[in-house]
Amino acid sequence: MNDVDADAASERVGAAEGNGRKRPKPGERRVQILQALASMLEQPGAERITTAALAARLEVSEAALYRHFASKAQMFEGLIEFIEQSVLGLVNQLGEREPDALVRSRKLMTLLLQFGEKNPGMTRVMVGDALVFENERLQQRMNLFFDKIESAFRQNLREAAVMTGAVTPTVDAQADASVITAFCVGRLQRYARSGFKRSPSESLEHSLALLLPAAHL
């Protein structure tokens, strides 16, 4: 992936907190809270995270958390916003930089799986494991995220089908996009539920060849 590097999407949340107890700059504490939440979600088998546990992790009071976020749901929304901006931003870059629709689809599948692999805490949010006991709107927003991913696949694959003279390009693209998106979600779920032991990009080239055959590129 020369044009789009999933590593770049990981840097903001993956940054380590500085040493010492200096007073955070405006906005810095919000980032630290989201970093801590994401880090706690990376622990295999982690149960529901409470604001008390999060505050203890940061060595602050729960009241200090609520000075930056109105609720825990708003904290999760901050993580979801990061996922949306990072992944969908890369999808937009693909659309601008890669003229071949099938190559674009292969890169989209790769970046989605690699993003999950590099951000295990985010993966638990993406597949809903971390949202089970949280506000329903959070899961709805994640569902919308994957609807947008499927739409991107569908648009790419329809373009490719038209170029190859397919009889029913729209129908074919819709079916293929659904299967590919379901495969990606399944790989991310397996990663989260294996305690982050089963890589979502396992046998990636084989998966790409099966779902988006190179013979058609």
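Described in the following lines is the structure provided in the data block.

Reading the values: the criteria
Residues numbered from 1 in each chain as written. Predicted model: local features only at pLDDT ≥ 70, side-chain atom pairs only at ≥ 80, totals over all residues. Heavy atoms only, no water. Axes fitted to C-alpha atoms, helices over the stretch in contact; angles between N-to-C directions. Helix = DSSP H or I, 4+ residues; strand = E, 2+ residues; numbered from the N terminus. Parallel < 35°, antiparallel > 145°, perpendicular 65-115°, else oblique. Left-handed = near helix turned anticlockwise from the far one by under 90°. Contact = heavy atoms within 4.5 Å. Nonpolar A, V, L, I, M, F, W, Y, C, P; charged D, E, K, R; others polar. Core = buried A, V, L, I, M, F, W, Y, C linked by side-chain atoms within 4.5 Å. Buried < 20%, exposed > 50% of the residue type's maximum accessible area, 1.4 Å probe, protein only. Salt bridge = Lys/Arg side-chain N within 4 Å of Asp/Glu carboxyl O. Phe/Tyr/Trp six-rings, centres within 6.5 Å; stacked < 30°, edge-to-face > 60°.

1. Notes on the packing of helix 6 (residues 101-118) against helix 8 (residues 136-163)
Where helix 6 contacts helix 8, the axes come no closer than 8 Å and their chain directions differ by 155°. Taken as axis vectors, helix 6 and helix 8 run roughly antiparallel relative to one another. Crossing geometry of helix 6 relative to helix 8 is assigned as left-handed. Here Ala 101, Leu 102, Arg 104, Ser 105, Leu 108, Met 109 and Leu 112 of helix 6 lie close against helix 8, whose contacting residues are Phe 145, Phe 146, Ile 149, Ala 152, Phe 153, Asn 156, Leu 157, Glu 159 and Ala 160. A breakdown of the residues in the contact of helix 6 with helix 8 according to their chemical character gives 12 nonpolar, 2 polar and 2 charged.

2. Concerning the nonpolar core
One finds Val 125 and Phe 145 to be the most contacted residues of the largest nonpolar core, which totals 59 residues. Of all the secondary-structure elements, those providing two or more residues to this core are helix 2 (28-41), helix 3 (51-58), helix 5 (72-97), helix 6, helix 7 (120-126), helix 8, helix 9 (169-193) and helix 10 (204-211). Per-element accounting of this core gives the leading share, 12 residues, to helix 5. Each residue touching Phe 145, except ones within four places of it in the same chain, is listed here: Ile 83, Glu 84, Val 87, Leu 88, Leu 112 and Met 126.

3. A few points about the packing of helix 5 against helix 6
Closest axis-to-axis distance for the helix 5/helix 6 pair is 10 Å, and the angle between their directions is 160°. Relative to helix 6, helix 5 is oriented roughly antiparallel. Relative to helix 6, helix 5 is oriented so that their crossing is right-handed. Taken together, the residues of helix 6 that come into contact with helix 5 (itself represented by Phe 82, Ile 83, Ser 86, Val 87, Leu 90, Val 91, Leu 94 and Gly 95) are Arg 104, Lys 107, Leu 108, Leu 111, Leu 112 and Phe 115. Split by residue class, the contact of helix 5 with helix 6 holds 10 nonpolar, 2 polar and 2 charged.

4. Quick notes on the pattern of salt bridges
Evaluated as defined, the whole model comprises 11 salt bridges. Linking Glu 150 and Arg 154 is a salt bridge whose minimum nitrogen-to-oxygen distance equals 4.0 Å. Here Glu 150 and its partner Arg 154 are both found in helix 8, 4 residues apart, which amounts to about one turn of the helix. Exposure remark for Arg 154: the relative accessible area of 29% places this residue in the partly exposed category.

5. Points about the packing of aromatic side chains
Scanning the entire structure with this criterion turns up 3 aromatic pairs. Between Phe 145 and Phe 146 the ring centres are 5.0 Å apart and the planes differ by 80°, which places this aromatic pair in the edge-to-face class. Here Phe 145 matches Phe 146 in class, with each residue buried. A ring pair is formed by Tyr 191 and Phe 196, whose centres lie 5.2 Å apart and whose planes are at 65°; its orientation type is edge-to-face.

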